[in-house]
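Coordinates in review
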Amino acid sequence: MYITRIVPLMNDLVTLKSQANPIKWAMNDGQTYDFLFSDKQGKPYCLTTPNRWWKAYNQELVNQGKLKTTMTFHKIRATALSMFANDLNLPIEVVQKIAGHTDTQVTQRYYIKNDNSKMMALGKQLSFA
């Protein structure tokens, strides 16, 4: 069974993907989808293909001195989820759905910062002085 999961992407990435490969792939449910990692016919790669490409690309950037250490998909995912929750103040339920977590407590535990500065700013807004 195919579960639909929509993940927001930067507009630049969407534009780049559509220029590189505008073909969509028809799935078993009869609908067509645009996969970020797909071959020239729009068919999604198996899960290991983007990972192999990403590791090689990261290692090349490290070798060139452009990165200090390789970046994993998980680190990038964690950065985006933290940004959605803490900087953009998206509701925890939205961040949970993007993350694919079944429980909001998991999302809160790993991606919500306990930032006292937000509480202090709220306190200043509520003061009557």
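The following refers to the structure shown. (Residues numbered from 1 in each chain as written. Predicted model: local features only at pLDDT ≥ 70, side-chain atom pairs only at ≥ 80, totals over all residues. Heavy atoms only, no water.)

Secondary structure summary: the protein contains six helices and two strands in total. Expressed as a percentage of the 129 residues in the protein, the buried residues total 17%. Partitioning the contacts of the protein with sequence separation of at least 6, the portion at a separation of at least 24 is 26%. (Helix = DSSP H or I, 4+ residues; strand = E, 2+ residues; numbered from the N terminus. Buried < 20%, exposed > 50% of the residue type's maximum accessible area, 1.4 Å probe, protein only. Contact = heavy atoms within 4.5 Å.)

This next bit is on the packing of helix 4 (residues 92–99) against helix 5 (residues 104–111). Geometry of a packed helix pair, given as the angle between the helix axes and the separation of the axes. Two elements in contact, helix 4 and helix 5, have axes whose closest approach is 9 Å; the angle formed by their N-to-C orientations is 95°. The angle between helix 4 and helix 5 falls in the class roughly perpendicular. Counted together, Ile92, Val95 and Gln96 of helix 4 and Thr104, Thr107 and Gln108 of helix 5 form the full contact between these two elements. The class makeup of the residues in the contact of helix 4 with helix 5 is two nonpolar, four polar and no charged. (Axes fitted to C-alpha atoms, helices over the stretch in contact; angles between N-to-C directions. Parallel < 35°, antiparallel > 145°, perpendicular 65-115°, else oblique. Nonpolar A, V, L, I, M, F, W, Y, C, P; charged D, E, K, R; others polar.)

With 15 residues, helix 3 (residues 73–87) extends 20 Å between its outermost C-alpha atoms, agreeing within 8% with the 21 Å of an ideal straight helix rising 1.5 Å per residue. In the segment just after helix 3, asparagine 89 is the residue with positive phi, at about 55°. (Expected span 1.5 Å × (residues − 1).)

When you line up the elements, threonine 107 lands in helix 5. The class of threonine 107 is buried, set by a relative accessible area of 0%. One polar contact links threonine 107 to histidine 101, side chain to side chain, over a distance of 2.7 Å. Apart from residues no more than four positions distant in its own chain, threonine 107 is found in contact with Ile92, Val95, Gln96, His101 and Ile112. (Polar contact = N/O pair within 3.5 Å; in protein donor to acceptor, adjacent residues only side chain to side chain.)

Within the secondary structure, threonine 70 is located in the loop between helix 2 (48–63) and helix 3. Owing to a relative accessible area of 29%, threonine 70 belongs among the partly exposed residues under this scheme. It is 9.3 Å that separates the C-alpha atoms of threonine 70 and tryptophan 54, two residues lying 16 residues apart in sequence. The residues contacting threonine 70, other than those within four sequence positions of it, are Asn58, Gln59, Val62 and Lys75.

Along helix 4, the residues classified as buried are Ile92, Val95, Gln96, Ile98 and Ala99. Axial view of helix 4: buried residues confined to an arc of 165°, hence all on one face. Check the buried side of helix 4 and you find it contacts helix 3 and helix 5. Looking one or two residues beyond helix 4, the residue adopting positive phi is glycine 100, at roughly 85°. (Arc of directions from axis to C-beta.)

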